[in-house]
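# A closer look at the structure
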Amino acid sequence: RWTVIVRGLTIDHTVDGIVTDLGNGQYDVSIQVTKAAKYQIDILLSKCIVSSLISNSISSQLCPPVALHLTIEPGPVSVPHSELVYDGPKSKIFDIAPIAGRSGYFLVRAKDQYGNATSLGLNETLEATCSDKNLKIVTQDMYDAGVYKVTYCTDKAASYKVDVHLVNSTAGTKVLLNGSPLAVTVLPDKPCQEQCTFVDCKQYSA
């Protein structure tokens, strides 16, 4: 009996192959791997050896003796599985904190249909827009593997909504990413001496 096992080398993931006897000395092996990584394929031939009149033992031999390796690459970007990540309200880091006059950013995690981190295709780009002209999209760059960074800036403290589209120039499509519009809240900065003014208290008398 033939057994095919696919073992992950860079991740903890194992998949059993389905072996079908074609009846002519050949076997069809079907393997479905959805996690992008490097794998080793082990092909085992199990033989039943009669050890006594009562019990048998199973002996497995690795065939071929040299390991086979398989690399699974992530698929194309899937709009429903990609996500927008905004940590602004929970962060005090200067570059992330949503403060007027400072540049902030959010992340776009590009994923394929199986949730693997992936990259944009040659003819694909991200397009971030905000209907409020006070919020300016500064840059849209790759940040990490499968992660893209969208930087924005505004001088006006307010709540904004940002749409992020996946644009394919070859297909002529423009699809809104999951999580759009993304809510971005920009808070006021610390008091500025040049901008502060005194108010006559008589205006507030009862």
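Data block above holds the structure.
Read on for an overview of the structure. (Residues numbered from 1 in each chain as written. Predicted model: local features only at pLDDT ≥ 70, side-chain atom pairs only at ≥ 80, totals over all residues. Heavy atoms only, no water.)

### A short note on empty space enclosed by the protein
Under the criterion given, the structure shown has one cavity of 30 Å³ or more. Taken as a whole, the largest cavity spans an internal volume of roughly 40 Å³. What lines the largest cavity is simply V77, S82, V108, R109, A110, L120, L126, Y148 and L177. Each residue belonging to the lining of the largest cavity can be placed in one class, and the counts come to seven nonpolar, one polar and one charged. (1 Å grid on protein atoms, 1.4 Å probe; cavity = no way out; pocket = protein on both sides within 12 Å on 5 of 7 lines; lining within 4 Å. Points joined across faces, edges and corners; volume = space filled by probe spheres on them. Nonpolar A, V, L, I, M, F, W, Y, C, P; charged D, E, K, R; others polar.)

### Considerations on the pattern of salt bridges
Counted according to the given criterion, the structure contains three salt bridges. Its salt-bridge partner being R7, residue D42 comes within 2.8 Å of it at the nearest N-O pair. Of this pair, D42 sits in strand β5 (residues 37–50) while R7 sits in strand β1 (residues 2–8), and the two are 35 residues apart along the sequence. Take D42: its relative accessible area is 11%, and that puts it in the buried class. (Salt bridge = Lys/Arg side-chain N within 4 Å of Asp/Glu carboxyl O. Helix = DSSP H or I, 4+ residues; strand = E, 2+ residues; numbered from the N terminus. Buried < 20%, exposed > 50% of the residue type's maximum accessible area, 1.4 Å probe, protein only.)

### Overview of the sheet that holds strand β12 (residues 147–153)
The four strands are arranged β8-β9-β12-β11 in an open sheet whose pairing can be described as antiparallel. What marks the edges here is a single partner per strand, and that holds for β8 (83–85) and β11 (136–144). Pairwise comparison of adjacent strand axes, ignoring direction, gives a mean angle of 25° for this sheet. Where β8 meets strand β9 (residues 103–109), three bridges bridge the pair, whose relative direction is antiparallel. (Pairing = 2+ DSSP bridges. Axes fitted to C-alpha atoms, helices over the stretch in contact; angles between N-to-C directions.)

### A look at the side chain of H165
For H165, the location among the structural elements is in strand β13 (residues 158–168). The exposure class of H165 is buried, given its relative accessible area of 15%. Sequence-distant contacts of H165, that is, excluding residues within four places in its chain, are made with T125, L126, E127, K174, V175, L176 and L177. (Contact = heavy atoms within 4.5 Å.)

### Examining the packing of aromatic side chains
With the rule as written, the count across this model stands at three aromatic pairs. Their ring planes at 35° and their centres at 6.2 Å tell us that Y105 and Y143 sit as a pair that is tilted. One end of the pair, Y105, is in strand β9; the other, Y143, is in strand β11, and 38 residues separate them in sequence. Look at Y105 and you get buried, because its relative accessible area is 13%. Judged by its relative accessible area of 45%, Y143 is partly exposed. The positively charged end of K149 is found above the aromatic ring belonging to Y105, 4.5 Å away from the centroid. (Phe/Tyr/Trp six-rings, centres within 6.5 Å; stacked < 30°, edge-to-face > 60°. Lys NZ or Arg CZ within 6 Å of the ring centre and 35° of its normal.)

### Overview of the pairing of β9
The buried count for β9 comes to five of seven residues, which makes it a mostly enclosed element. Here β9 pairs with β12 via seven bridges, running antiparallel. Within β12, the residue paired with G104 across the bridge is Y152.

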